[in-house]
Amino acid sequence: MPGFELFSDLERKEVNDVLDNGVLMRYGFDAMRKGHWKAKELETELATTFQSNHVQLVSSGTAAVSVALASAGVGAGDEVIMPTFTFVASFEAIMMLGAIPILVDVDDTLTLDPKAVEAAITLKTKAVMVVQMCGSMGNMDALSKICNENNLIFIEDACQAIGGTYKGKPLGSIADLGCFSFDFVKTITCGEGGAVVTNNKEYYINADHYSDHGHDHVGNDRGAETHPFLGYNFRISELHAAVGLAQVRRLPEFIAIQKRNYTIIRDALSKVPGVTFRRVPDGGEESYSFLNFFLPDTETALNVSKGFKENGVDVCWNYYENNWHYINKWNHLKDLKSLFPISKEVKKGLEYLKTKSFEQSDHFIGRNISCLIKLSWTEDEVRIRASKMAELIKAIN
Ligand SMILES: *Cc1c(COP(=O)(O)O)cnc(C)c1O
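The model shown is predicted, which means the values in this text are computed figures rather than measured ones.

The rules behind each value
- Residues numbered from 1 in each chain as written.
- Predicted model: local features only at pLDDT ≥ 70, side-chain atom pairs only at ≥ 80, totals over all residues.
- Heavy atoms only, no water.
- Near = heavy atom within 4 Å.
- Polar contact = N/O pair within 3.5 Å; in protein donor to acceptor, adjacent residues only side chain to side chain.
- Areas by Shrake-Rupley, 256 points an atom, 1.4 Å probe, with all protein chains shown as cover.
- Nonpolar A, V, L, I, M, F, W, Y, C, P; charged D, E, K, R; others polar.
- Buried < 20%, exposed > 50% of the residue type's maximum accessible area, 1.4 Å probe, protein only.
- Helix = DSSP H or I, 4+ residues; strand = E, 2+ residues; numbered from the N terminus.
- Pairing = 2+ DSSP bridges.

**What to know about the site of the ligand**
Near the ligand, the surroundings consist of 14 residues, among which G61, T62, S181, D183 and K186 are the closest. At 2.7 Å from an oxygen atom of the ligand is found a main-chain nitrogen or oxygen belonging to G61. At 3.2 Å, a side-chain N or O of K186 approaches an oxygen atom of the ligand. For the ligand, whose unbound accessible area comes to 380 Å², protein coverage reaches 94%. The residue inventory of the shell around the ligand, partitioned by class, reads five nonpolar, six polar and three charged.

Next comes the structure, spelled out in structure tokens:
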């Protein structure tokens, strides 16, 4: 997945354009910048890539999720339904707004189970956030239908699935708002950065203002801009956007390499008894940033994960025991460890986490192995890795 593996003169050239004129800020300084507007240019390129009307760049993927929710009016006391398997950023972004993350089970797509979503809807539910984990996606038709029928905002976190599609549409462009991360380890990177993608003009304008202190960005005199509403600073810098600009132009090349590497490993593992693969919904095409497969039970999966590690097969994880990606280890959330007081409403809203068990999620995440697909591997290296993985699994299972 990481785009940083393939940095070249292309990234260097874009960054040098910015350093040559010295304007590291994405807004204003029109006279000094010699026509270079890297953030604006990247937004235009991303709008084409995601076949969407509007793109707002921000400082990170976490900021993108928070800005997307805020832009659609999600805030204090609102409930946002999200999966148990994701990156910690998902609940952080919700809680930043004083809203309440409602975690629900994943199914064999490794993201939201539509039945679990339906069961979790209350009068306080404002939004549903699907997280397109590890390069694939949820059942977007079923989830869209639930959101439409219940008048809920539908948010898509496609941070790990850039380049994937569902029924021909880019992941991240299907829900009301989509979120991307361009942090250091994502398929395309800016170093740090993120984007909110939408076809809804009002949400876009909200995102544009909110991520820059509420500035209305009318005219080209920042001093004369007014503040229609309160905002914060979630801006991206020109330097970061410049790196992303070179990277996004290489996305088709990156996806092709990921697909080649993924396919070699998948072909080898599909011949191994007991190995099955994560379900990709009908009409979906993965971004191939990860290969996810299941073993018959959690014990076997943990043994395989250990066997891989001991035998030099790196970048493969069983997320059941992972601090960052699965509810099992999120004690700081369950115990509400916070630097500052959390509102009574949020505290009460999160009480369910003390008692609720997520057996269905445990069933799928416990048996899953998730392997990162690197861009820098040569075809020979991938073949050697694939047969080593197959042999190790056969020996353990
Ligand atoms: C990386 C990631 C984020 C957060 O992105 P940052 O840019 O690191 O803040 C959010 N959601 C998912 C699924 C991610 O993988």
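**A short note on the pairing of strand 9 (residues 194-198)**
Residues in a regular strand point their side chains to alternate faces of the sheet. In terms of burial, strand 9 is a largely internal element, five of the five residues being buried. On strand 9, burial covers both faces: G194, V196 and T198 on one face and A195 and V197 on the other are all buried. The sheet contact formed by strand 1 (residues 54-58) and strand 9 spans five bridges and is antiparallel. For L57, the partnering residue across the bridge sits in strand 9 and is A195. Both strand 8 (residues 177-181) and strand 9 contribute to a ladder of five bridges, which runs antiparallel. Following the sheet pairing, S181 is matched in strand 9 by G194.

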